[in-house]
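# A structural walkthrough
Each chain, written out:
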Amino acid sequence: MKKIGLIGLGRMGYNLALNMVDNNVEVLAYDKFVSEEVKNNKDISIFNSIKELIHQLPKPATIWLMVPAGEITDNVIEEVSSYLSPNDILIDGGNSNYNDTIKRYQILKEKQINFVDCGTSGGTDGARYGASLMVGGDEKIVKQIEWLFEALATKNGYAYIGESGSGHFVKMVHNGIEYGMMQAIGEGFDLLEKSEFKLNYQDISRVWANGSIIQGLLMDTAHQALMKDKRLDQILGRVDDSGEGQWTIEAAFKYKASIPVIAQALFARYKSRDDDHFAEKIVAAMRNEFGGHKVYKKQ
């Protein structure tokens, strides 16, 4: 049985760990904060430190990071790399900025540590039962661990994208598209809400989620949320963003690409923090359903 080190046991990380276990991978894991549910899972070996974990891995070691983007990722990579040896492989499966990924790749390359970026999509259910994986890095290195990506991905849900940073770049654009699609769904329901008709959103979302041109995962999540709260009366229409929308717009400026829908979707999220509209309730509810993202409840 192959052994993989996993750092980060949050919503996505823990579900990836369970996915690995299902695919006969021995998971050696670490997180600064471990829930009781995770602690009680005997299929995952949890260590008290990153150093202790890495010392238990065969060489060359493979470590998968599933931690928040930004400074936290930098800090974890700095600590992890201090314990790694030449030819070990470090995978960043989080939503890192592709520019940061390229810089990290160069720094680790000087230490002869292989760095692979893996854009991970599909929400918590995807992480658990079959994700969508977009992988960048040196092709020779990716091929060595391709068995892992193929095991964790849903059918036809894995691709080697290209050089370092490309996996996270493609995932960033994917998330920008997601912003636009979710906003369109939310705005459609907002128009329904403002009409004179007495409409049942549970029925409408069910019909739209089955056989219509706009069916799909996002519509499924809208339906799931409405089945729990038929008019979303219990939540506020406030929608956070985790950075990818802004990065997508910054890349559009850099490459002179026109992305007005994605840009407007991000601006709508900013607007949602001041106003309470039904469109933003729908978007907030969908994000909570597929990714466990925070929703703001009415007091």
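See the structure above.
In this text the structure is predicted, and so the values were computed from the model without any measurement.

## Some thoughts on the overall build of the protein chain
- Secondary structure assignment for the protein chain yields 14 helices and eight strands.
- Here the C-alpha radius of gyration of the protein chain, 20 Å, is about what a compact globule of 299 residues would show, namely 19 Å.
- Residues classed as buried in the protein chain amount to 52% of the 299 residues present.
- A fraction of 69% describes how many contacts in the protein chain between residues 6 or more apart in sequence connect residues 24 or more apart.

## Focus: the packing of aromatic side chains
- The tally for this structure, following the rule as stated, stands at eight aromatic pairs.
- On the basis of an interplanar angle of 40° and a centroid distance of 6.4 Å, the ring pair of Phe267 and Tyr270 is categorised as tilted. Of this pair, Phe267 and Tyr270 both sit in helix α13 (residues 260–272), separated by three residues, roughly a single helical turn.
- Here Tyr270 falls in the partly exposed class, since its relative accessible area comes to 32%.
- Among the aromatic side chains, those forming a connected cluster through ring pairs are Phe189, Tyr201, Trp208 and Phe278.

## Section: the pattern of salt bridges
- Counted under the stated rule, the structure contains 13 salt bridges.
- Between Asp203 and Arg206 there is a salt bridge whose closest N-O contact spans 3.3 Å. Of this pair, Asp203 and Arg206 are both found in helix α10 (residues 201–208), three residues apart, which corresponds to roughly one turn of the helix.
- Sharing partners across several salt bridges, the network here consists of Asp74, Asp92 and Arg104.

Definitions and cut-offs
Residues numbered from 1 in each chain as written. Predicted model: local features only at pLDDT ≥ 70, side-chain atom pairs only at ≥ 80, totals over all residues. Heavy atoms only, no water. Helix = DSSP H or I, 4+ residues; strand = E, 2+ residues; numbered from the N terminus. Rg over C-alpha atoms; globule rule 2.2 N^0.38 Å. Buried < 20%, exposed > 50% of the residue type's maximum accessible area, 1.4 Å probe, protein only. Contact = heavy atoms within 4.5 Å. Phe/Tyr/Trp six-rings, centres within 6.5 Å; stacked < 30°, edge-to-face > 60°. Salt bridge = Lys/Arg side-chain N within 4 Å of Asp/Glu carboxyl O.

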